[in-house]
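Report on the structure
For reference, the chains in residue letters:
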Amino acid sequence: MLPLPHPVVVRACHWLNALAVALMVLSGWRIYNASPLFDFRFPDWLTVGGWLGGALQ
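Residues numbered from 1 in each chain as written. Predicted model: local features only at pLDDT ≥ 70, side-chain atom pairs only at ≥ 80, totals over all residues. Heavy atoms only, no water.

1. Details of the side chain of Ser 27
Which entries qualify depends on this criterion: Here a strand is any run of E in DSSP of at least two residues, a helix any run of H or I of at least four, and the numbering for each starts at the N terminus. Each residue's exposure class comes from its accessible area (1.4 Å probe, protein chains only) as a fraction of the maximum for that residue type: buried when under 20%, exposed when over 50%, partly exposed otherwise. What makes two residues a contact is simply this: any of their non-hydrogen atoms within 4.5 Å.
By the element assignment, Ser 27 lies in helix H1 (residues 8-33). Exposure remark for Ser 27: the relative accessible area of 14% places this residue in the buried category. For Ser 27, the contacting residues outside a window of four places in its chain are Val 48 and Ala 55.

If you want it as structure tokens, here you go:
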């Protein structure tokens, strides 16, 4: 069996950061939807935050 290229802590931190970036993108889409300057909107089920204040938090 081949050894893992990175320790388990490094791998866990990588996936934690990947999840954090995904959540930031989804909340950013909610903030984008709140802007009246753009015609395009992301579906509400694809965003997080529930409302603009929640997305900013």
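Next comes the rest of the write-up.
2. Section: H1
Applied cut-off: A helix is expected to span 1.5 Å multiplied by its residue count minus one.
Compared with an ideal rise of 1.5 Å per residue, which puts 26 residues at 38 Å, H1 spans 38 Å between its outermost C-alpha atoms and is within 8% of the ideal. Of all the positions in H1, only Ser 27, Arg 30 and Asn 33 are classed as buried. Packed against the buried residues of H1 are helix H2 (52-56).

3. Some points on the environment of Gly 54
Residue position: Gly 54 is located in helix H2. Distance from Gly 54 to Phe 40, taken between C-alpha atoms, is 21 Å for residues 14 residues apart in sequence.

4. So, the side chain of Thr 47
The condition that has to hold: N or O atoms closer than or at 3.5 Å make up a polar contact, with two conditions inside protein: a donor-capable atom paired with an acceptor-capable one, and, for residues adjacent in sequence, both atoms drawn from side chains.
Along the chain, the position of Thr 47 falls in the loop between H1 and H2. Within the structure, the side chain of Thr 47 is placed 2.8 Å from the side chain of Arg 30, a separation counted as a polar contact. Here the side chain of Thr 47 touches Asp 44 through a polar contact of 3.0 Å, landing on its backbone oxygen. Among residues more than four places away in sequence, those in contact with Thr 47 are Leu 26, Trp 29, Arg 30, Asn 33 and Phe 42.

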